[in-house]
Amino acid sequence: MSIIKDFLLQLTLMAIPIFVYFIFITERIKSHRNRTMIMSVFWGLSILLCMSFPINFGQNARLDLRIIPLLFGTLYGGFWPGVFLAGLVLLYRLYFGIGIGFYNTALVLLFSLPVLLLYQKSFTSAKKDKRVKLAAGLSFYYCVLGIAIFIVLRGFSLENLRVQSIHLLYAVAGTWLFILLYETIREIHQLRSEVQNAEKLRVISELTSVFAHEIRNPMQVTRGFLQLLDTHELPDDKKEYIKISIEELDRANEIINDFLSLGKPTHAHNERVDVGYQLERVVNIIRSFGLTHNVHIKSDILENCWTYANPQKLNQSFINILKNAIESMPNGGLVWVGCSFTEENIKITIKDQGIGMTKKQLDRLGSPFYSLKEKGTGLGMMVSYQIIHSFKGEMKVNSEKGIGTEFIILLPRIL
Ligand code: ADP
Ligand code: MG
């Protein structure tokens, strides 16, 4: 009976940090760094409790699930949380005294932590299914390593092997269960915020499409009369006023255009599109715009990159990103445009040598009206994100202040 109680206690200790994270932390604490720090503390506590209340198999066999908080802290947190948690395990084990058990723990950590850290990057970029497999695999590796080192240090005995095998099964099954739980809750959270965003966009687009036409007509009339006013006899300063008025009207018109392209369902007009061919066209169109900014565009584009999308929308998102890349280099420079494919994806890269963005600026990229430009609308990136998402694609941005920015777009490939 008491073994079952111990088993259940260990499972509870794993579940608590996960629920705390999703209920209290994800939405309230915005900074990624603070979130990671708080979670490291929680996983640390979970490790300490796990080791304090192990499962007692009689004799000397005491087992616990410390691998799960260690694994989760490292995979979701990264290098420093991993080192911190491993250090914590070691220090706490030291508190129980130096003996074979301590050396066992130290050796297992020595051989497993580097492997966890090695796989951490691919874990972060993986999708749910792969994450689950990866975590369960790493947990399996940790336990097998534990058994091997145990046998080396204490010699082989059938009874020990039996206990260790139970531990292995229990730890791997536990890891699998909790990673599935974690990832499923994460998916639900993400879905919820996507639905909220989509709802916001729907309201915006409904309002704008109603107003846009009503506003555009008087604007066109005003613009026409301003042009008529612009005669030769007018003094230079008045001419300047007219020029500014027309420019501002055009800008307002641009904002309306950007708004109108928001939130509209796109799948109605989707078709088979060769992304390479479209990108090539966009690059040719935008080349002259680049040259007026002293920016040259180098491209390495493969054709026959088929995806399912709306070509006009796709081109619009490329144009928005390329325009930003060109505008980010006030003194000119180079933009690299690439398009290639893998088995599953089409990968488009757009890279500039411009002013770059700080971490804070990157976080705000794509929010409505976020612009650092004097005449910017702050809608271009928001529209681009929306378009790419509507084609089930992803957009990643790497940027370094003063060095440049790289946009990577992945779209699902069809044959
Ligand atoms: P806008 O171009 O009208 O300002 P966007 O939504 O297109 O609006 O871009 C928002 C902001 O993101 C820009 O004002 C700029 O500060 C930043 N940005 C976007 N792309 C880049 C880039 N390639 N390099 C540097 N900053 C960029
Ligand atoms: Mg822009």
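Figured I'd write up the structure that's included with this text. (Residues numbered from 1 in each chain as written. Chains lettered and ligands numbered in written order. Predicted model: local features only at pLDDT ≥ 70, side-chain atom pairs only at ≥ 80, totals over all residues. Heavy atoms only, no water.)

**As for the pattern of salt bridges**
Summed over the entire model, instances satisfying the criterion amount to 12 salt bridges. Residue Lys128 pairs with Glu187 through a salt bridge whose shortest N-O separation is 3.6 Å. Remark: Glu187 occurs in helix α7 (residues 158-229) and Lys128 occurs in helix α6 (residues 128-154); sequence separation between them is 59 residues. The partly exposed category is assigned to Lys128, whose relative accessible area is 22%. Where Asp230 meets Lys239, a salt bridge forms, and the shortest distance between an N and an O atom there is 3.4 Å. Looking at Asp230, the relative accessible area reads 35%, which means it is partly exposed. The network of salt bridges with shared partners includes Arg131, Glu183 and Arg186. (Salt bridge = Lys/Arg side-chain N within 4 Å of Asp/Glu carboxyl O. Helix = DSSP H or I, 4+ residues; strand = E, 2+ residues; numbered from the N terminus. Buried < 20%, exposed > 50% of the residue type's maximum accessible area, 1.4 Å probe, protein only.)

**With respect to the nonpolar core**
Membership of the largest hydrophobic core comes to 51 residues, with the highest contact counts inside it found for Ile18, Leu70, Leu71 and Phe72. Excluding anything up to four places from it in sequence, Phe72 contacts Ile18, Trp43, Gly77, Thr175, Phe178, Ile179 and Tyr182. Leu279, Val282, Cys339 and Val383 belong to the second largest nonpolar core, which has 37 residues in total. (Core = buried A, V, L, I, M, F, W, Y, C linked by side-chain atoms within 4.5 Å. Contact = heavy atoms within 4.5 Å.)

**Examining the packing of aromatic side chains**
Inspection of every chain in the model, using the stated rule, returns 14 aromatic pairs. Consider the rings of Phe79 and Trp80, whose centres lie 4.9 Å apart with planes at 85°: the pair is edge-to-face. Summarising the aromatic geometry, the rings of Tyr92 and Tyr95 are spaced 5.9 Å apart at their centres and angled 5° between planes, so their arrangement reads as stacked. Residue Tyr92 and its partner Tyr95 are both found in helix α4 (residues 79-95); the two are separated by 3 residues, about one turn of the helix. Here Tyr95 falls in the exposed class, since its relative accessible area comes to 65%. An aromatic cluster of at least three residues, connected via ring pairs, comprises Tyr21, Phe22, Trp43, Phe72, Tyr76, Phe123 and Tyr182. When the ring centre of Trp306 is taken as reference, the NZ or CZ atom of Arg272 above it lies at 4.2 Å. Residue placement shows Lys351 over the ring face of Trp336; its charged tip is 5.7 Å from the ring centre. (Phe/Tyr/Trp six-rings, centres within 6.5 Å; stacked < 30°, edge-to-face > 60°. Lys NZ or Arg CZ within 6 Å of the ring centre and 35° of its normal.)

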